[in-house]
Amino acid sequence: MPISTIRLKRPINSYARVQAFTSSIIRGKPVFIDRRQIENKTLLNVGCGPFPKKDFINLDYFWHPGIDVCWDIARKPYPLKDQSLEGIFTEHCLEHIPFDKCVANISEFYRLLKPGGVCRIVVPDGELYSDLYQKKKLDNSVILPYGENEPTGMISINRIFRIHGHLFIYDFYTLQMLMKNAGFKTITKESFGKGADKRLLIDQSDRAIESLYIEGIK
């Protein structure tokens, strides 16, 4: 079959350039949100990337099929009503925005949740990296997450702080402080696939090796 025929069958919105252009047009504009699509959903997936979930309001900086809200979380409050959600999930997203914007986002999470609602945050674990760095100084056979080809621990530390646009790396105590300051009363350190609301346990298994899991209940 000719290559041109195959290309004609490809959806136009599957092309990266089309998605990037669409994102630039609709990002941050509530008018482009299909309220009918999300009006009965009470779970929010922040920074879902290429992994939108059926039962969630899927929000990301870049638009592609499955994204309900194309939004820059570092610039604008969420275009959702106060106390409209039962659960919020975000995985490996908050480390990509400045610290002060993370503070603002956690306050937004608190605003959006109903009483008893759960916020589940997953980020790279700075404490884990720091602990393994110290161990590697004494035993060079210790390997930091994804650091099989990195000859020193400091190279691994710089990787987690700098690659993929990372702007701030968190530990449990820092996020606990931010969530407490936002108003969350019950704050717990969880683990991969374990938490207060089973609906929010959509963690990606390939990120478990380096991740911190923390939950706050409103």
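Note: the structure precedes this text.
Residues numbered from 1 in each chain as written. Predicted model: local features only at pLDDT ≥ 70, side-chain atom pairs only at ≥ 80, totals over all residues. Heavy atoms only, no water.

**Topic: the sheet that holds strand 4 (residues 85-91)**
With mixed pairing, the seven strands of this open sheet are ordered in space as 3-2-1-4-5-7-6. Looking at strand neighbours, the two that pair on one side only are strand 3 (69-70) and strand 6 (186-190), the edges of this open sheet. Where strand 4 meets strand 5 (residues 113-124), six bridges bridge the pair, whose relative direction is parallel. Along strand 5, the bridge assignment pairs Leu85 with Leu113. Contacts from helix 7 (residues 172-182) reach strand 5, strand 6 and strand 7 (211-217), with the element oriented near 20 degrees to strand 7. (Pairing = 2+ DSSP bridges. Helix = DSSP H or I, 4+ residues; strand = E, 2+ residues; numbered from the N terminus. Contact = heavy atoms within 4.5 Å. Axes fitted to C-alpha atoms, helices over the stretch in contact; angles between N-to-C directions.)

**Digging into helix 4 (residues 99-112)**
For an α-helix, the turn length of 3.6 residues means that residues three or four places apart are oriented alike. Here helix 4 contains 14 residues, and its C-alpha end-to-end distance of 20 Å stays within 8% of the 20 Å for a straight helix at 1.5 Å per residue. Turning to helix 4, its buried residues number three or more, namely Cys102, Asn105, Ile106, Glu108, Phe109 and Leu112. Buried residues of helix 4, seen end-on, are gathered within an arc of 155 degrees and therefore sit on one face of the element. As for helix 4, its buried residues are in contact with strand 1 (43-46), strand 4, strand 5 and helix 7. (Expected span 1.5 Å × (residues − 1). Buried < 20%, exposed > 50% of the residue type's maximum accessible area, 1.4 Å probe, protein only. Arc of directions from axis to C-beta.)

**Considerations on the pattern of salt bridges**
In the structure shown here, the tally under the stated rule is nine salt bridges. In this structure, Arg36 engages Asp34 in a salt bridge whose closest nitrogen and oxygen atoms are separated by 3.5 Å. Using a relative accessible area of 35% as the deciding quantity, one classes Asp34 as partly exposed. With its nearest N and O atoms 2.9 Å apart, the salt bridge here joins Arg199 to Asp197. The class for Arg199 is partly exposed, based on a relative accessible area of 37%. We classify Asp197 as buried; its relative accessible area is 12%. Three or more residues are tied together by salt bridges with common partners; here these are Glu86, Lys114, Asp197 and Arg199. (Salt bridge = Lys/Arg side-chain N within 4 Å of Asp/Glu carboxyl O.)

**Points about the packing of helix 5 (residues 126-138) against helix 6 (residues 153-162)**
Two measures define how a pair of helices packs: the angle their axes make with one another and the distance between the axes. Running from N to C, helix 5 and helix 6 point in directions that differ by 165 degrees, and their axes come no closer than 9 Å. When the axes of helix 5 and helix 6 are compared, the pair comes out roughly antiparallel. The handedness of the crossing between helix 5 and helix 6 comes out as left-handed. Here helix 5 contributes Tyr129, Ser130, Tyr133 and Lys136 to the contact with helix 6, which in turn contributes Gly153, Met154, Ser156, Ile157, Arg159 and Ile160. Taken together, the residues of the contact of helix 5 with helix 6 break down into five nonpolar, three polar and two charged. (Parallel < 35°, antiparallel > 145°, perpendicular 65-115°, else oblique. Left-handed = near helix turned anticlockwise from the far one by under 90°. Nonpolar A, V, L, I, M, F, W, Y, C, P; charged D, E, K, R; others polar.)

**A look at the side chain of Glu108**
Among the secondary structure elements, Glu108 is positioned in helix 4. Its relative accessible area of 14% is what places Glu108 among the buried residues.

**Description of a nonpolar patch on the surface**
A contiguous nonpolar patch, built from Phe21, Ile25, Val31 and Phe32 and spanning about 440 Å² of accessible area, is present on the exposed surface. Position of Phe21 relative to the elements: it lies in helix 2 (residues 16-26). Phe21 sits in the exposed class, given a relative accessible area of 55%. (Patch = residues over 30% accessible without salt bridge, like charges linked within 9 Å, V, L, I, M, F, W, Y side chains within 5 Å. Areas by Shrake-Rupley, 256 points an atom, 1.4 Å probe, with all protein chains shown as cover.)

**Notes on the pairing of strand 4**
Most of strand 4 is tucked away, with six of its seven residues classed as buried. Looking at chain direction, strand 1 and strand 4 are connected through four bridges and run parallel. Among the inter-strand pairings, Asn45 is bridged to a residue of strand 4, identified as Phe89. Between the parallel pair strand 4 and strand 5, the chain is carried across by helix 4, and the sense of this crossover is right-handed. (Right-handed = clockwise from strand over helix to strand, strands pointing away.)

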